[in-house]
Amino acid sequence: MSTQVQAFWLQWVEDSFPDLDSRAYFLPPVYFNRVPMSTETVAGQDVLVLQPAPGQAGQSSQVPMKSLVAPVQDSDVRDDEAMQRVLVCLQKMCEVKGETLFGLSQLQFGEYLGEPCYAAAAANLPTPATLPTAHPRNWKEGDFDVLLIHRHYGLLVCEVKSFGNNLNKLNMSQKDVDDNISKKVKQAVTQLHKADAMLSHLVSDIASGLRITKTIAVPNLTAVQLQQAISGNIQLTQDLCRCLGASDPADIPGLCLCCDQLSDPKTPCDVSSHVLSELGHWWQRRVAGAGPDPRMTRNVYKTLVARFCGPATTVTVPCIFSPRLCVKTLGQAVSHTGECYTAVITLFPEQVHLLHTGPPTLFVTGPPGTGKTVVLLLMGIKWLRCGHHVYVVSISLQSLASCTMLYHLLLSSGVSTCQPHLLQYDFNGGKDVEKAVNDLSRAAVGGSLYVIADEAGPDVISLKESRNFETFCKKIQAQVPSLHLWAASIYSKHLPAGWPMEHLTRPLRSPPAVVREVEQSEDMAEKRNVPTYIDRGVPDHTDGPSVKRVYHRRLGHPGFKIHDCLLCGGEVASFLLSLRVGGVGNTMTTPMAISSTTPPTLLWKDVLVLAYGGISDNSGVVRGLIQAGIPIQMLEDSDIEDVATGRSDVVWVTSGDRVCGLERKVVVCLDHRKCIRLEYMSRCTSQLVIVFPDE
């Protein structure tokens, strides 16, 4: 049975990582941060409130420790920032250099072959619990900060130390700085000895004597700072030489990863050509220079991957609630990223304050994904709980999807005494303004009326008809003495005169990888019709999956436009299938393969395909998707309720202005031009796919 199970592990990694012989994989595929949050009840709903980490200057008093979902200190935030920079740079280097390896981050010793359902199969294999007694007892517990399993060069274990990013705040003397650096480096040496002993034990039955290379990453220190700190400590220098295999103490900084070889901490995901060059030199000195390890055969490599990355080993990420999730594949990472940003109502403290103290009438504005719709939803629930009927007003076809979604969320909020009502109008050209005023005036009870209106602005592409909503607000306010009306739009030029406005500009609903694409939009970067995002002031859950870019190469692809290209449709379909959307292509059906808690499987309804300009089910790109087995549905007017509620498990294809306010984990944008980035790409909460006209 043990032999059969281990054969299954091999099959599992081949199915999960089909290019394991030719590319680099990192587990988890994206790095997830620990995010400080507290819990609060708003309108009867459990809300997570993003907070600065306790310990940050001037912030600790704002976060009662008892209210934190999971205590996250400032040191945790610094450690995550350092780890993310190291991993991002290593991933980029591996991509550019074409390295074949598997990288794991923060793997606890106890998670190796630790899945209970595989205990029998692992019983006769080396495990952390069976580490020889010659080593200290406490060496059975620990973790690998970064572990690389290289197809040719053996194993690399890296200890990451974050000291140095707050030296200006600490106001330390140079001696104290050097002493602290030496202390951290000494700790790293001890941890590397422990990791070396554990790795040697765990792989002893696979390939005895397999090369294990050790290194220390100090992302916030230069090589000069590191050299200065250790130069006066003879014992530490000798320990480092033994640990790193250096014959000359002067070589020590060059064998460590310093900030000289890493991206700027202010823009950690911007790995420049200079950084790649410096990182490449370090890689040659520390890893590749020794040449291939003859013990690392293809079978040894696959067996190591099956043990460390297969179903019996758990690769966990920080989670809001227990249990911690196991995230190994890109599809799982995409799903979990979307869950982090949208599964639980999450707000910033100022938004919670707004809901507790906001005025009767309010216009909420700001760029996409800053929480405007969430604020409207919670205010609507609050009014329902107070015994008021709430009218959700859609003023155009562009706002209908968002307002329909809000209406159904209000219906399902658990309030039974009063009901929400969805009213659909067309304010373009001034139509329906008087009708809306008359309808709502008659609906007022005792001179009171409660209205929410999302996407209550001009046409999102042309910015026309910007005064009609303002006219509506003036007239309804004249008719109803006690008007409660909260509206939202990314545009603020049509604010009703005298109305208070709330600007929401901290990104909340999409990871930075998506936000960076949205920021390039014409309305934000050039025309300034929409304010730009500001710094969150709180860590993101993750930078998010890298944007997938597909190129419509006109020489090899049929059709002048992307819409006409069958091959582009096939390439997009291939990527979606690689994410195991809908479970398609998942051969890992045995119950033992899914023994850990994993993120929800991506569904077809988690995917939107957005096209600029005319597209039909006969377009080449759509036919390419259909031929690959993707369940495609072209969005018609009668389908708005279906797409807004996520009822049908299909991939909807439409233009971006038809789904304003809706969000999906995966968004395929069939163009990249600046005029559509704002509304199209901002619909994405995790994996963005962009099809470019040409390279």
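Residues numbered from 1 in each chain as written. Predicted model: local features only at pLDDT ≥ 70, side-chain atom pairs only at ≥ 80, totals over all residues. Heavy atoms only, no water.

S.K.: Help me get a handle on the overall build of the protein, residues and values and all.
M.R.: The number of helices and strands found in the protein is 22 helices and 23 strands. Computed over its C-alpha atoms, the radius of gyration of the protein comes to 28 Å, within 12% of the 26 Å expected for a compact globule of 695 residues. Dimensions of the protein, computed from the C-alpha atoms along their principal axes, are close to 85 × 60 × 50 Å. When burial is assessed residue by residue, the protein has 57% of its 695 residues classed as buried. Considering only intrachain contacts with a sequence separation of at least 6, the fraction spanning at least 24 residues in the protein is 76%. Accessible area for the protein stands at about 27900 Å²; split by element, carbon and sulfur atoms hold 49% of it. Averaging the locations of the 62 positively and 68 negatively charged side chains of the protein gives two centres separated by 2 Å. (Helix = DSSP H or I, 4+ residues; strand = E, 2+ residues; numbered from the N terminus. Rg over C-alpha atoms; globule rule 2.2 N^0.38 Å. Buried < 20%, exposed > 50% of the residue type's maximum accessible area, 1.4 Å probe, protein only. Contact = heavy atoms within 4.5 Å. Areas by Shrake-Rupley, 256 points an atom, 1.4 Å probe, with all protein chains shown as cover. Lys, Arg positive; Asp, Glu negative; His and termini not counted. Charge placed at Lys NZ, Arg CZ, Asp CG, Glu CD.)

S.K.: Residues and numbers for the packing of aromatic side chains, please.
M.R.: Geometry of an aromatic ring pair is reported as the spacing of the ring centres plus the angle between the planes. Overall, the coordinates contain 17 aromatic pairs when judged by the stated rule. Taking the centre distance of 4.8 Å and the plane angle of 55° together, the rings of Phe109 and Phe144 count as tilted. Here Phe144 lies in strand E5 (residues 143-150) and Phe109 lies in the loop between strand E4 (101-108) and helix H3 (119-122), a separation of 35 residues in the sequence. When the ring of Trp383 is compared with that of Trp486, the centres are 6.5 Å apart and the planes differ by 80°; the resulting orientation is edge-to-face. Placement of the pair is Trp383 in helix H13 (residues 372-385) and Trp486 in strand E16 (residues 482-489), with a sequence separation of 103 residues. Grouped by ring-pair contacts, the aromatic residues Trp12, Phe17, Tyr25, Phe102 and Tyr301 constitute a single cluster. The ring centre of Tyr25 lies 3.9 Å from the NZ or CZ of Arg23, which sits over that ring. Between Arg506 and the ring centre of Phe348, over which it is positioned, the NZ or CZ distance is 3.9 Å. (Phe/Tyr/Trp six-rings, centres within 6.5 Å; stacked < 30°, edge-to-face > 60°. Lys NZ or Arg CZ within 6 Å of the ring centre and 35° of its normal.)

S.K.: Hey, could you go over the nonpolar core for me, with residue numbers and the actual values?
M.R.: By size, the foremost hydrophobic cluster in this structure holds 70 residues, and its most contacted members are Trp9, Phe102, Leu304 and Phe308. Sorting elements by how many residues they give to this core places helix H5 (residues 174-202) first, with eleven residues. Not counting residues up to four positions away in its chain, the partners in contact with Phe308 are Leu104, Leu107, Tyr112, Leu147, Ile149, Leu199, Leu202, Val203 and Thr313. By size, the runner-up hydrophobic cluster in this structure holds 39 residues, among which are Leu362, Val390, Val415 and Val538. (Core = buried A, V, L, I, M, F, W, Y, C linked by side-chain atoms within 4.5 Å.)

S.K.: Residues and numbers for the sheet that holds strand E17 (residues 501-503), please.
M.R.: Backbone-to-backbone hydrogen bonds join strands into a sheet, with any given pair of strands oriented parallel or antiparallel. Read from one edge to the other, the open sheet built from six strands follows the order E14-E13-E15-E16-E12-E17, with strand pairing classed as parallel. Edge strands, defined here as strands with exactly one partner in the open sheet, are strand E14 (420-424) and E17. In this sheet, adjacent strand axes meet at a mean angle of 20° when their direction is disregarded. Lying on the sheet, H13 is in contact with strand E12 (361-365), strand E13 (390-394), E14, strand E15 (448-453) and E16; it crosses E16 at an angle near 160°. (Pairing = 2+ DSSP bridges. Axes fitted to C-alpha atoms, helices over the stretch in contact; angles between N-to-C directions.)

S.K.: Break down the pairing of strand E6 (residues 154-160) for me, citing the residues and quoting the values.
M.R.: The buried fraction of E6 is high, at seven of seven residues. Sheet analysis places E5 next to E6, joined by five bridges and oriented antiparallel. Each residue of the ladder has a partner; that of Leu147, found in E6, is Val157.

S.K.: Give a description of the sheet that holds strand E1 (residues 24-27) that names residues and reports values.
M.R.: The strand order across the open sheet formed by six strands is E1-E4-E5-E6-E7-E8, and the pairing between neighbours is mixed. The open sheet is flanked by E1 and strand E8 (257-258), the only strands paired with a single partner. Bridging between E6 and strand E7 (residues 212-218) involves six bridges; their strand directions are parallel. Each bridged residue has a counterpart across the sheet, and for Val160 the counterpart in E7 is Ala217. With respect to the sheet, helix H9 (residues 273-286) is in contact with E4, E5, E6, E7 and E8, its orientation differing from that of E7 by roughly 145°.

S.K.: I'd love a proper account of the state of the cysteines, names of residues and values included.
M.R.: Two cysteines whose sulfur atoms are joined by a covalent bond form what is called a disulfide. Counted according to the given criterion, the structure contains zero disulfides. Looking at the unpaired Cys418, the closest cysteine sulfur is the one in Cys386, lying at 9.6 Å. Distance from the sulfur of Cys669, which forms no disulfide, to the nearest cysteine sulfur (Cys675) is 9.8 Å. What makes Cys669 buried here is its relative accessible area of 0%. (Disulfide = S-S within 2.5 Å.)

S.K.: Describe in detail the confidence of the model for the protein, supporting the description with residues and values.
M.R.: Looking at the protein as a whole, its pLDDT mean stands at 91, while 94% of the residues score no less than 70. Confidence drops under pLDDT 50 across residues 57-66; counting only partners more than four residues distant or on other chains, this segment forms ten contacts. Below pLDDT 50 for its whole length, residues 589-595 participates in 14 contacts with residues either more than four positions away or in separate chains. (pLDDT = per-residue confidence, 0-100.)

S.K.: Now, about helix H12 (residues 349-357): what can you tell me, with residues and values included?
M.R.: In an α-helix, one full turn covers 3.6 residues, which means residues spaced three or four apart are oriented alike. The set of residues buried in H12 consists of Gln351, Val352, Leu354 and Leu355. Down the axis of H12, the buried set is contained in an arc of 155°. They therefore lie on one face. (Arc of directions from axis to C-beta.)

S.K.: Can you explain the side chain of Asn33? Please cite residues and give values.
M.R.: Structurally, the position occupied by Asn33 is in the loop between E1 and strand E2 (37-42). By relative accessible area, which is 11% here, Asn33 ends up buried. Among the polar contacts listed, one links the side chain of Asn33 to the backbone oxygen of Asp540, at a separation of 2.9 Å. Beyond its immediate chain neighbours, meaning those up to four positions away, Asn33 contacts Asp80, Pro318, Asp540, His541 and Thr542. (Polar contact = N/O pair within 3.5 Å; in protein donor to acceptor, adjacent residues only side chain to side chain.)

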